[in-house]
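Tertiary structure, described
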Protein chains: 2
Amino acid sequence: MPQPTLVSFHAGISGQWALTSVRAMRGTTLEPAERLTIVEGREIPTRSLWTLRGVVSNSRYTTRAEADALAAIQPSLGRIEATRAAFIPIKKSSGWWALAQDERRAIYEERSRHTSIGLTYLPRIARRLHHCRELGEPFDFLTWFEFAPQNEGAFEELLAKLRASEEWWYVEREVDIRLARP
Amino acid sequence: MPQPTLVSFHAGISGQWALTSVRAMRGTTLEPAERLTIVEGREIPTRSLWTLRGVVSNSRYTTRAEADALAAIQPSLGRIEATRAAFIPIKKSSGWWALAQDERRAIYEERSRHTSIGLTYLPRIARRLHHCRELGEPFDFLTWFEFAPQNEGAFEELLAKLRASEEWWYVEREVDIRLARP
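In this text the structure is predicted, and so the values were computed from the model without any measurement.

Thresholds applied
- Residues numbered from 1 in each chain as written.
- Chains lettered and ligands numbered in written order.
- Predicted model: local features only at pLDDT ≥ 70, side-chain atom pairs only at ≥ 80, totals over all residues.
- Heavy atoms only, no water.
- Contact = heavy atoms within 4.5 Å.
- Buried area = accessible area lost by both parts, 1.4 Å probe.
- Salt bridge = Lys/Arg side-chain N within 4 Å of Asp/Glu carboxyl O.
- Polar contact = N/O pair within 3.5 Å; in protein donor to acceptor, adjacent residues only side chain to side chain.
- Helix = DSSP H or I, 4+ residues; strand = E, 2+ residues; numbered from the N terminus.
- Least-squares fit on C-alpha atoms with pLDDT ≥ 70 in both.
- Core = buried A, V, L, I, M, F, W, Y, C linked by side-chain atoms within 4.5 Å.
- Buried < 20%, exposed > 50% of the residue type's maximum accessible area, 1.4 Å probe, protein only.
- Disulfide = S-S within 2.5 Å.

Observations regarding the interface of chain B and chain A
Counting residues at the interface gives 25 residues for chain B, matched by 25 residues for chain A. At the boundary of chain B with chain A, total buried surface from both sides reaches about 2300 Å², with 45% on carbon and sulfur atoms. At the junction of chain B and chain A, the tally comes to four salt bridges. Note that E103 of chain B and R64 of chain A form a salt bridge whose closest N and O atoms lie 3.0 Å from each other. Summed over the shared surface of chain B and chain A, the number is 16 residue pairs in polar contact (both at pLDDT 80 or more). Elements that contribute at least two residues to the side of chain B that touches chain A include exactly α2 (94-97) and α3 (101-111) of chain B.

Here it is as structure tokens:
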């Protein structure tokens, strides 16, 4: 496991990924932009319409059995055929964060089946989670997904299942940004 | 539960707390200084010999039953009689962070009794944990303890028990800084 890696998402007029839609699911939206640049590692001051930052870090709810099941089939980012992406910043409520670890875990997996649902969509969808609750950012998490165009339907189905779960009762802000690259 | 709060610990020549000792338990030490200033909230550029930052955030291992047991007897910081303090920055190994949540929890509590041991020293010792693994800081946690002079022996006993636990096999850097105020 490497050191935690800071990742900055700069929305503006340059970048490999073109934004195709920006949709607020809950709470206020983010300003639409033309393109997104993703910078890993040390922060570099960049002109942007908006920038969100998060850290790739250790998992918080995943058991060893779940981690091994995920590791066996999860694809890496950057697959040549994965020309569609989704960038979904989420903020959970203070009620969520006031829960104890066992209560959050029970909602996350035993009742909402977050990992179990996600597993059934692998290896079609690649995912990377970035933590930002401790960074003073407007969101708690930034999730980045990559998939081939023919798997967009499967991705919508995955999102619909998660959004219908008990875990999502605690989501107070969510923006769904879709992107494409050549 | 309030928003996560950034706390900065500035070591230098000013501050309410006088440093009485700086001792590296594992790994490299921190430079001795005369005094420590603790700033809560937004960062203010401050001249210091060294500054460490962390965020008061949600707990990661504590169950509801444990959280309730702690809440019932844990004292707050700033008690008039608590004129002694310890500031203990800790960095855990990459091996720790590569463990899954259930593995870390089992070491933390079921095998090392971190919370159970701590509970037996309450309400004599006040404690606040600051997370900094995601901030790009040299440590993963900063723990701040406050107690009355007559409870210093109890505090040493608490530390000795934790340092003898399996959890401490994963500590790769630890500095033990003691402080006093009038």
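Let us keep going from here.
Topic: the relation of the copies chain B and chain A
Screw-axis analysis of chain B against chain A gives a translation of 0.0 Å along the axis, an RMSD of 0.0 Å, and a rotation angle of 180 degrees. When the rotation and shift are considered jointly, the pair of chain copies conforms to a two-fold rotation axis.

Digging into the nonpolar core
Counting residues in hydrophobic clusters, the biggest one holds 44 residues, and the most contacted among them are L36, F87 and L179 of chain A together with L36, F87 and L179 of chain B. Excluding its chain neighbours within four sequence positions, the residues that come into contact with F87 of chain A are F9, W50, L52, L142, T143, W144, V175, D176, I177 and L179 of chain A.

What to know about the pattern of salt bridges
Residues and elements named next belong to chain A. Tallying each qualifying case throughout the model produces 30 salt bridges over all chains. For the salt bridge of E152 with R178, the shortest nitrogen-to-oxygen distance reads 4.0 Å. Remark: R178 occurs in strand β8 (residues 171-180) and E152 occurs in helix α5 (residues 152-163); sequence separation between them is 26 residues. Put simply, D176 and R163 hold a salt bridge, and the shortest N to O gap is 3.0 Å. Taken together, the residues D176 in strand β8 and R163 in helix α5 connect sequence positions 13 residues apart. Among the charged side chains, a network of salt bridges with common partners joins E152, E156, R163, E174, D176 and R178.

Section: the state of the cysteines
With the rule as written, the count across this model stands at zero disulfides over all chains. Not engaged in a disulfide, the cysteine C132 of chain A finds its nearest cysteine sulfur in C132 of chain B; these two sulfurs lie 17 Å apart. For C132 of chain B, a relative accessible area of 1% translates into the label buried.

Overview of the side chain of E134 of chain B
Following the sequence through the fold, E134 of chain B ends up in the loop between β6 (126-131) and β7 (141-147). For E134 of chain B, a relative accessible area of 7% puts it in the buried group. Contacts of E134 of chain B, omitting those with residues within four sequence positions, involve V55, S57, N58, R60, E134 and L135 of chain A.

So, unusual backbone geometry
Residue and element names in this part refer to chain A. Cis geometry marks the peptide bond from L122 to P123, where omega comes out at 5 degrees. Within the element layout of this structure, P123 appears in the loop between α4 (114-119) and β6 (126-131). A positive phi angle, close to 55 degrees, is found at R113, a residue other than glycine. In this fold, R113 is placed in the loop between α3 (101-111) and α4. For R113, a relative accessible area of 40% corresponds to the partly exposed category.

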